[in-house]
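Structure at a glance
What follows is the residue order along each chain.
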Amino acid sequence: MIMSKIQIPFEERPQGCPDVMWRYSQNPVIGRYHIPTSNSIFNSAVVPFEDGFAGVFRCDNKAVQMNIFAGFSKDGINWEINHEPIEMIAGNTEMIESAYKYDPRVTWIEDRYWVTWCNGYHGPTIGIAYTFDFKTFHQCENAFLPFNRNGVLFPEKINGKYAMLSRPSDNGHTPFGDIWISYSPDMKYWGEHRCVMKVTPFELSAWQCTKIGAGSVPIKTKDGWLEFYHGVINTCNGFRYSMGAALLDLEDPSKVLYRTQPYLLAPAESYELAGDVPNVVFPCAALSDGEKVAVYYGAADTVVGMAFGYQQEIIDFIKANSI
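A brief structural summary. (Residues numbered from 1 in each chain as written. Predicted model: local features only at pLDDT ≥ 70, side-chain atom pairs only at ≥ 80, totals over all residues. Heavy atoms only, no water.)

Quick look at the overall build of the protein now. Counting its regular elements, the protein contains two helices and 22 strands. The globule rule puts the C-alpha radius of gyration for 323 residues at 20 Å, and the 18 Å found for the protein is close to it. Principal axes of the C-alpha set define a box for the protein whose edges measure 50 × 45 × 45 Å. Per-residue burial over the protein gives 58% buried out of 323 residues. Taking contacts inside the protein between residues at least 6 apart in sequence as the whole, the part at least 24 apart equals 53%. Taken as a whole, the protein presents about 13100 Å² of accessible surface, with 50% of it coming from carbon and sulfur. In the protein, the 26 positive side-chain charges and the 36 negative ones have mean positions that sit 3 Å from each other. (Helix = DSSP H or I, 4+ residues; strand = E, 2+ residues; numbered from the N terminus. Rg over C-alpha atoms; globule rule 2.2 N^0.38 Å. Buried < 20%, exposed > 50% of the residue type's maximum accessible area, 1.4 Å probe, protein only. Contact = heavy atoms within 4.5 Å. Areas by Shrake-Rupley, 256 points an atom, 1.4 Å probe, with all protein chains shown as cover. Lys, Arg positive; Asp, Glu negative; His and termini not counted. Charge placed at Lys NZ, Arg CZ, Asp CG, Glu CD.)

Structure follows, in structure tokens:
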């Protein structure tokens, strides 16, 4: 989402840093005990709202029940997160059953904010809801059959239809996964499923050789849809999640124009290396003012971190280092 009036959170590149993206010096921006009941807060989504920002946050409680909570911030860094999870009311369906909710994304499309998340309905699938004010949320039909994760909506219709990236999966800690795109005329019925990106051969780009998944809501640029995504390698110490980026065709986002061979950000800091699930950088939101970019990511399935970059530098890096 490009913002014209609100200043996005940003910190200049540290002196001597050679990387195209860098971490916020005060990471993590949201700690695991930010609200009284939380065991961890991570993999959360942020959008511009009124004169500041709003977000939907994954907060696992101390029973490790997974749910999503609304929150607000003036500067995108200091957050007030509600102490009670979002209570859904019926939207385009009366079936709003949910055993759990996690890993939300949020985007503005036309006249409202749309929320997607991994919804527990006989296994993980993609839940959808909309809100106008981040106080009342209307739950809609699940997008797909189980099993699926990482549902990410485009911020505008593509050829007159809503478009969503997702990752068909299985019911456990999926040892595989590619990114697909699906379309809907009404945010209720989904079809026209097309494969967008597959995992890479180990010898070509090992950090994304096991599974990949869409991360942030795509950012529309003159060079294509800028999509931050996560990639996974299965190491002798378990899964390792890192962040890369791709450029998708503006008119047909199933076409990948460029895709990073090296990662942009990988677990390196203590809060990314140690936590409930070690070695995780998991992007879920990106703010852009057309020049600067701020990415929110889950770290070690425990806290929320931020990383920054310049949009054109990132695009140039993707093109120069594409598979």
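From this point, things continue past the structure.
So, about the sheet that holds strand S2 (residues 38–49). Strand pairing in a sheet takes place through backbone hydrogen bonds and is either antiparallel or parallel in direction. Spatially, four strands are ordered S2-S3-S4-S5 in an open sheet, and the strand pairing comes out antiparallel. Two strands in the sheet have a free side with no partner beyond their single neighbour: S2 and strand S5 (80–81). Pairing analysis gives two bridges linking strand S4 (residues 66–73) to S5, with the strands arranged antiparallel. Within S5, the position partnered with Phe72 by the bridge is Glu80. (Pairing = 2+ DSSP bridges.)

Right, let's get into the packing of aromatic side chains. In this structure the tally under the stated criterion is 23 aromatic pairs. Ring geometry for Phe72 against Phe134: centres 6.4 Å apart, planes inclined by 85 degrees, an arrangement best described as edge-to-face. One end of the pair, Phe72, is in strand S4; the other, Phe134, is in the loop between strand S9 (124–131) and strand S10 (137–139), and 62 residues separate them in sequence. A connected cluster of aromatic rings, assembled from ring pairs, spans Phe49, Phe72, Trp108, Tyr113, Phe134 and Phe137. (Phe/Tyr/Trp six-rings, centres within 6.5 Å; stacked < 30°, edge-to-face > 60°.)

What follows covers the pattern of salt bridges. Taken as a whole and assessed by the stated rule, the structure comprises 13 salt bridges. Note that Arg58 is salt-bridged to Asp103, the shortest N-O span being 2.9 Å. Here the residue Arg58 occupies a position in strand S3 (residues 52–61), and Asp103 occupies one in strand S7 (residues 101–109), the gap between them amounting to 45 residues. Like Arg58, the residue Asp103 is buried in the burial classification. The shortest N-O distance in the salt bridge between Asp178 and Lys198 comes to 2.9 Å. Residue Asp178 is located in the loop between strand S12 (162–168) and strand S13 (179–184), and its partner Lys198 is located in the loop between strand S14 (191–197) and strand S15 (211–214); the two are separated by 20 residues in the primary sequence. Salt bridges linked by common partners bring Arg58, Asp60 and Asp103 together as one network. (Salt bridge = Lys/Arg side-chain N within 4 Å of Asp/Glu carboxyl O.)

Counted by the stated rule, this structure contains one cavity of 30 Å³ or more. Considering only enclosed or pocket space, the largest cavity measures out at about 80 Å³ in volume. Forming the boundary of the largest cavity are ten residues, of which Val46, Val47, Val106, Val217 and Ala286 lie nearest the centre. Listing elements by their share of the lining of the largest cavity, those giving two or more residues are S2, S7 and strand S20 (281–288). Of the residues belonging to the lining of the largest cavity, the class tally is nine nonpolar, one polar and no charged. (1 Å grid on protein atoms, 1.4 Å probe; cavity = no way out; pocket = protein on both sides within 12 Å on 5 of 7 lines; lining within 4 Å. Points joined across faces, edges and corners; volume = space filled by probe spheres on them. Nonpolar A, V, L, I, M, F, W, Y, C, P; charged D, E, K, R; others polar.)

As a further point, take unusual backbone geometry. In the segment running from Asn27 into Pro28, the intervening peptide bond is cis, with an omega of -5 degrees. Here Pro146 and Phe147 are connected by a cis peptide whose omega angle stands at 15 degrees. Turning to its location among the elements, Phe147 is positioned in the loop between S10 and strand S11 (148–153). The residue His122 is not glycine, and still its phi comes out positive at about 60 degrees.

Position of Ser38 relative to the elements: it lies in strand S2. Contacts of Ser38, omitting those with residues within four sequence positions, involve Arg32, Tyr33, Asp60, Asn61 and Lys62.

Geometry only, nothing functional implied.
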